[in-house]
Every structure is written in structure tokens, then in C-alpha cells.
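# Breakdown of the fold
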Amino acid sequence: MYQYTDFDHEFVKLRAAQYRDQLERWQRGELAEDEFRPLRLQNGWYVQRFAPMLRVAVPYGELNSAQLRVLAKIARDYDNKPDHDLSAANAGLSDLTSLPDHVAHFTTRQNVQFNWIPLEKSADVMDLLASVHMHGIQTSGNCIRNITSDERAGIAVDEIVDPRPFAEILRHWSTLHPEFAFLPRKFKIAITGATDDRAATAWHDVGLHVVRNEAGEVGFRVMVGGGMGRTPVVGTVIREFLPWNQIINYLEAVVRVYNRWGRRDNIYKARIKILVKAEGQRYIDEVEEEYAEILANDGAAHTISQAELDRVSANFVAPATLNCDKSDAERKIANVLRAAAEDDIEFSRWLQQNVAPHKNPDLRIVTLSFKRLGFAPGDATADQLDRAAELAEQFSGGETRVTHDQNLVLPWVRCDALPELWKAARKLGLAKPNIRLLTDMIVCPGGDFCALANARSLPIAQAITARYQDMDELHDLGEIDLHMSGCINSCGHHHSGHIGILGVDKDGQEWYQVTLAGSDGSNLSGQAVAGKVVGPSFAAAEVPEVIEALLDTYRREREAGETFINTLRRVGHDPFKLAANAARVSTARAPKGEAQAA
Ligand code: HEM
Ligand code: SF4
């Protein structure tokens, strides 16, 4: 876990104090609405359908138990659905009694969001966050956003180099960088040092892979121009190997050229993906020129020294209490686990889906599942956050990590503690053995909360979750990425789902477009690619039927041991498309041509 420094502490405290002053001046009428808006946005305060939404930055997903408790307190004391009737504002979209409050929401970029905090309380919330080194700086706006990473960073068995010290150094560089505070559009960086890409790096504005070259030297494979939205683009590799100490100098060139040429005239074309797509080699050449200029004329000002890397790396401290007695431990543990698993199919499934190997053979990485019936995917109640903090302290050296898939990982669990942890997590309803299975879906808040939505995503997610409660069936179906967004902004990463669902609005009604064979770039899914639309959109009630038809096709066509995505790629889209389109039951149809338009 990263040990925050005195500087970090002072920095966020001052920022919270500055925000309180801005809020109070706005409340006194000294700041106009238009003046206050960018100030609150720079601290993560958006205003959504019914209430402000706060996005809290969680650098590379690491949360300690004290931070979890503060998030729990914020959820419990401040995340309150207002008493007054919201139905007028709701325009018939949703049954408001079912919208949860007192919850924190884990996002795909390892952040945490709240949906119901009144703006008047926002400065108090910032103070609480600052008390545990947290904030909302650069979680909004056209700047370099919080940098995300692999939730298994530093502990993954497939890791080449721990990416966290680099993520941390880049955090220092990008935080309040004056030149990059007003980019043409927001800018997202993800970094991994493992062979399995769990951070969807190819879908980011910049995706970084820490690698070693043939000489064993550490460097970066640099991808630029990935992104989703209405124009999904997979990042282009612009450097196969950049020496590690040059990463800031190089990114300075990458972002500067974007800042110079990005389309400020058109919000839909303003992301770096459009520039890289339009200019191709010309963009890359200009980055290289700019980089050469930085090296020659700026004296390579941001070359990272070994001493700085060592200093930052030393701030990542593994829990001290985890030194197990290694004598014969592995065999004994394996025996205990095998016996327990034979006894209990649920425990055995949990070991299979929710428990992953660790760099330290005595330890395991455990995922708590926040994908369960009755809750929005990725939502954690105040009590669950408190209990998760207890689990972290008891079983994982006080540390957790938020995952790209909207779950929470316990990164330092002793093998011999697994049965006890499983029982404790099960009591909390967080031990569903569904990690990477159909119900472990990525879903955005959609029309229930989001002002930009075309359709709701949460009720569709609920209907699918309710339909696939049988664990025998779920395990038989195997690993499937189902991703859903309530509009083309693609917060729910529908483009990268093996099955993607996108909410579209036609004539004031909610419709859902279904895509097939998208990939996030992980080992399970293969090279990152956007899914393809199966045909005209479906009505809400049809969506679970369509999913069932797709899965039936898979069951029919699969060969032994084949995953959904592999069968789909082997047999092609046609039988799946046919089945999906045959699952329509309603006669009312979305207008023609919409599949192309969205
Ligand atoms: C209600 C609150 C939210 C609002 C208003 C919102 C708004 C937006 C908008 C406007 C974009 C597109 C920006 C562009 O392409 O330039 C976007 C992208 C994105 N959002 Fe959200 N979002 C919200 C919640 C979330 C949540 C909860 C998540 C995660 C679960 C999320 C994850 C993302 C991601 C990963 C992208 C980038 C997709 C890309 O590469 O184009 N957002 N969001
Ligand atoms: S995808 Fe659309 S509906 Fe979903 S959170 Fe993003 S902006 Fe809102």
C-alpha cells in the first residue's frame, strides 16, 4: 500500500480548505453560478438528474481500511435521498423508491462515486476525505484524470514490473500541471506491468505497458488514442520501447501535441483518439519532434532519476504481518483447501472464481463480489464498506483495491485464512462465486441517475442478474464479459463486452442495441476490439430474452472447454445474430437506420 507523505496530507487539506471558501462565497452570492461551476467540477462535483454526484479519486485503486471507513461514513451520513418528491424531475423513468442511497459506487476507473450528497454538505465531505488523504481533484474536467492500473499491481504472478511507482510518479507530474489543466477534452491514462491486461489499457487515451527489452532493461510500450464514446478506437502503439526514465518527457510531448491540435471546435471530435485517427503518422512524427526538442532544449527536465524511482518505490510497503512459516506450508494448505472444497461446492467455486494466485506462494488475491441481486453492480452500502474494512484488517494487511470490473480485491490473504474469510464474506453477501462470469457485469448508472442517459441500465442489469441466479448454470456458461452503458458516452464499456448493451432513445422511448464480440484486451478476451451490432434495437423486456438466445446458441455450438467468446469467433456472428433477432417479442420497433446512427 502506498504510504502517503506529509506533503500529500498538507496538499489535500489545503485543497479542501480552498474548496470550502469557494463554496461559501457561492452560497453568499459572491460567486456566480458560472464561476462556481468549474471550481466544483475541478473537485469532482457534478450535478446530475436529482442531486450532485461526487467522484472521489482512488489512485490505481488502492484503498486502506481507514479510507473505506471514511467512505462508509460519507455514504451513511451524507448520501441521502431527499425527502421531497422527485417524481416530477423523474419524468416517469424509474420507480424512485428502488433507487439506492447510502451507497458508494465503484467505477471502471477504480474511483468511487456518490449520487445523493447535497452541495451544501460538499465542503464537509471534502474535509472528511482529506482526513484520509483523499480528494476529487482531476476526477472531472478536461485535464489528465486519475491514473488507473492493474488491481493486482505488485502482486500478480504474471507481472513483469510493478507499475505502481510509475503510476505514482505520473500522478505527481499530472496533478495541477498548469499546461494541461484545459485540454481539448478529458485525458485518461492506464498503466500495467503484467502480461494479462486487466486495466483495459488499449481503451485509454494513453495506455502504458511496463516491459523489459531483450537486454533486460525496463521501459514502456506506449499506446495512444484509445477511447470509446460514439467513435470507438483502440489505441495505436507509438513506441515499442521507451526507457523508463523518459516517460514524463515523452508524455509531455504526447499531451502537448494533442493540446496544440486537438479539435476544440467540436466536443464530439475533441478526444485524442480523433486526432490520432485523422493524422496518423503525422501525429506520431510531431510527438517525436517535440520529444527531441524537450531532450535537447529543455535539458530533458523530467528525466526520472534512479534515486527518485527508489524513493517512490519505497513508499509502497507490503504488510509486515504476512510472513508465514513456509515449511511444508503449501502442501498442508493445499490439502486443507482440497478437503474443504470437496465438502462444499460453493467454497470450491469461490476458490476457482474469486481467488487468484499471488507472487508470494503463501498468499492469495481474493475478489469480493459486488455483483449481487438487489444491488446495482459496483454499489457498496455503508455497512458493507465498514465490514469490508474489517475484512481488510483481519485478512489483508488493511488493504483493498478497486477493480476495473467494479469489485473490491483483498490483495494479501494468507492461504490458511481462506476458509474463514470465505465464511465472513459470505455472511456479508460478498462471496458470490461469480467473478468473470455473466453476472459480474460492468454497468454505468444509466437513466436512474445520469443526466446524459438515453435509457436505464440498472433495471436491465437486475433482470439479467435475477434470471441467472443458478450457480450451476452460471458456471456451466463460463467466463463472459457483459458490459452495459445507458448512452453512447460508453461509461459502461459496452464496446468491449463479449456481449455489449447500449441504451438508445428513440421518440422518447428506451431501446437497447446489442453488440457482440467486443474485447477489453485481457487474456480471456484477446486483442482489444469493439463489438459489432446485431441489428435494430430491442425493447427493455426483450433484452433478457436476447441474452438467453445468445447463450443458447453458445450452448448449442460450443466445443468442449470453449468459452463464449471463442465459440463466437470460431462459428462467426451469424447464428448468434439470427437467434438474437428471433427473440423479439414486441411488435413496436425502433425506427429504421438507428443501428447505423448510434
Ligand atoms: C452519472 C455520472 C456520469 C456522467 C455524467 C458521466 C459522463 C461521461 C461522459 C460525458 C463521457 C464521455 C466523454 C467523452 O467521450 O469525451 C464519459 C466517459 C466515461 N465514463 Fe462516465 N459518466 C458518469 C458516470 C460514470 C461511471 C459510474 C463510470 C464507471 C462505472 C464511468 C466511466 C466512464 C469511462 C470509463 C468513460 C470513458 C469512455 C471512453 O473512453 O470514451 N462514468 N462519462
Ligand atoms: S454511459 Fe451515458 S448514461 Fe451511462 S453514466 Fe455515462 S453518460 Fe451516463
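Predicted, not measured: the structure shown is a model, and the values here were computed from it.

### A short note on the overall build of the protein
- Of the regular secondary structure elements, the protein holds 20 helices and 21 strands.
- In terms of overall size, the protein behaves like a compact globule, its C-alpha atoms giving a radius of gyration of 24 Å where 598 residues would be expected to give roughly 25 Å.
- Over its C-alpha atoms, taken along the principal directions, the protein stretches across nearly 65 × 65 × 55 Å.
- The contacts of the protein with a sequence gap of at least 6 include a subset with a gap of at least 24, amounting to 70%.

### Side note on the domain arrangement of the protein
- Segmentation of the protein into domains returns domain 1 (6–130), domain 2 (148–314), domain 3 (326–427) and domain 4 (442–597).
- On a C-alpha basis, the centroid separation for the pair domain 1 and domain 4 is 31 Å.
- Taken together, the seven residues of domain 1 in the interface contact eight residues of domain 4.
- For the side of domain 1 that touches domain 4, the class distribution of residues is two nonpolar, four polar and one charged.

### Quick notes on the environment of tyrosine 258
- Relative to the assigned elements, tyrosine 258 resides in helix α7 (residues 247–261).
- Along the primary structure tyrosine 258 and lysine 277 are separated by 19 residues, whereas in three dimensions their C-alpha atoms are 12 Å apart.
- Once residues lying within four places of it in the same chain are set aside, the contact partners of tyrosine 258 are Leu183, Pro184, Ile272 and Leu275.

### A closer look at the sheet that holds strand β13 (residues 379–381)
- If you walk across this open sheet you meet the five strands as β1-β2-β5-β4-β13, and the pairing is antiparallel. Looking at strand neighbours, the two that pair on one side only are β1 (45–47) and β13, the edges of this open sheet. Across the sheet, the mean angle separating the axes of adjacent strands is 30 degrees when strand polarity is ignored.
- Two elements, strand β4 (residues 103–106) and strand β5 (residues 112–114), share two bridges in a ladder whose sense is antiparallel. Bridge pairing in β5 places histidine 105 opposite glutamine 113.
- With respect to the sheet, helix α13 (residues 382–395) is in contact with β4 and β13, its orientation differing from that of β13 by roughly 85 degrees.

### What to know about the site of ligand 2
- Residues in close proximity to ligand 2 total 13 residues, the closest being Cys444, Cys450, Gly486, Cys487 and Cys491.
- Here the residues of the shell around ligand 2 are counted per class, giving seven nonpolar, six polar and no charged.

### Points about the sheet that holds strand β11 (residues 355–357)
- A sheet is described by the order of its strands in space; here five strands give the open sequence β3-β14-β15-β12-β11, paired in antiparallel fashion. With one partner strand each, in any of the chains shown, β3 (62–64) and β11 form the two edges of the open sheet. Taken over all neighbouring pairs, the strand axes of this sheet differ in orientation by 30 degrees on average, direction set aside.
- Of the pairings in the sheet, the one linking β3 to strand β14 (residues 399–402) comprises three bridges and is antiparallel in character. Across the sheet, the residue bridging to glutamate 62 is arginine 401, located in β14.

About the cut-offs
Residues numbered from 1 in each chain as written. Chains lettered and ligands numbered in written order. Predicted model: local features only at pLDDT ≥ 70, side-chain atom pairs only at ≥ 80, totals over all residues. Helix = DSSP H or I, 4+ residues; strand = E, 2+ residues; numbered from the N terminus. Rg over C-alpha atoms; globule rule 2.2 N^0.38 Å. Contact = placed C-beta atoms within 7 Å. Domains from an automatic or database assignment. Nonpolar A, V, L, I, M, F, W, Y, C, P; charged D, E, K, R; others polar. Pairing = 2+ DSSP bridges. Axes fitted to C-alpha atoms, helices over the stretch in contact; angles between N-to-C directions. Near = placed C-beta within 6 Å.

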